[in-house]
Amino acid sequence: MKFVPKLFFVVLSMSLMLVSAHAAGEGHRKLQGDTDCCGTGCIKPCVSGGNLDTDNDAAGGNAGSAEAKTVEIKAVGVKFSPLIVYAEVGDTITWTNMAAHYVESIETMSPADLEAFQSEMSADFAIEVKSEGVITYKCPPHWGARMGGFIVVGKPDNMEAILEQYAETANNTPALKAAKGLVKKLRKDLQKNGHL
């Protein structure tokens, strides 16, 4: 039992070092492949594109506004929770708890200017949203179980047209049949939240 107290103190010491580094503006979480960090001492992802990486980065710079937030989507069984999230331009969307899952955008049901994305299997992932619209994504291995969701960015003026186009795409594209019911849920949620 002497090992347990030593392990406790090692974990406690490491936690205190992380807290100290955070207070000093070090140890920011950044996204793989990016070199910018917001420089504010945050521990949330600061820039877009890639799997979450906890390497230190003291490059400085400001990748987004001080008001940008992180919105988490969690894989729970073969569903994403929440199914629909609301964000603003500049916010970071993270997918967590991704064991046995990966996420990819559905280009025909997302804004035309969205840079298509696909994560690695079993890796937490993040993107920064850069324009208004409705982004549709899925977990390809579990798409038959309708494991997908939506990111509503801002309040697009053409929301009704977006919904009609997504419903038509889901109805007319065999590979997207699983999206039919999801689009209906999106419509109800948009109405409930005053976006329609």
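Being a predicted model, the structure only gives us computed values, none of them experimental.

## Thoughts on helix H3 (residues 179–192)
Taking 1.5 Å per residue as the helical rise, H3 with its 14 residues ought to reach 20 Å, and the 20 Å between its terminal C-alpha atoms agrees with that figure. The complete set of buried residues in H3 reads Ala-179, Gly-181, Leu-182, Val-183, Leu-186, Asp-189 and Leu-190. In the core, the buried residues of H3 are packed alongside strand E5 (84–87), strand E9 (133–138), strand E10 (148–153) and helix H2 (159–172). After H3 finishes, the residue Gly-194 shows a positive phi value of roughly 75°.

## Things to note about the nonpolar core
Core analysis: the largest hydrophobic core is formed by 20 residues, its most contacted members being Phe-80, Ile-93, Trp-95 and Ile-151. Every element with two or more residues in this core is listed here: strand E3 (70–76), E5, strand E6 (92–96), strand E8 (125–128), E9 and E10. Ranked by residue count, the leading element in this core is E3, at 3 residues. Residue contacts for Ile-93: discarding those within four places in its chain leaves Val-71, Ile-73, Ala-87, Phe-125, Ala-126, Ile-127, Val-129 and Ile-151.

## Focus: the pattern of salt bridges
This model, assessed by the stated rule, comprises 3 salt bridges. We note a salt bridge from Glu-104 to Lys-138, for which the minimum N-O separation is 3.8 Å. Taken as a pair, Glu-104 in strand E7 (residues 104–105) and Lys-138 in strand E9 lie far apart in primary sequence, 34 residues in all. Overall, Glu-104 belongs to the buried group, its relative accessible area being 17%.

Criteria and thresholds
Residues numbered from 1 in each chain as written. Predicted model: local features only at pLDDT ≥ 70, side-chain atom pairs only at ≥ 80, totals over all residues. Heavy atoms only, no water. Helix = DSSP H or I, 4+ residues; strand = E, 2+ residues; numbered from the N terminus. Expected span 1.5 Å × (residues − 1). Buried < 20%, exposed > 50% of the residue type's maximum accessible area, 1.4 Å probe, protein only. Contact = heavy atoms within 4.5 Å. Core = buried A, V, L, I, M, F, W, Y, C linked by side-chain atoms within 4.5 Å. Salt bridge = Lys/Arg side-chain N within 4 Å of Asp/Glu carboxyl O.

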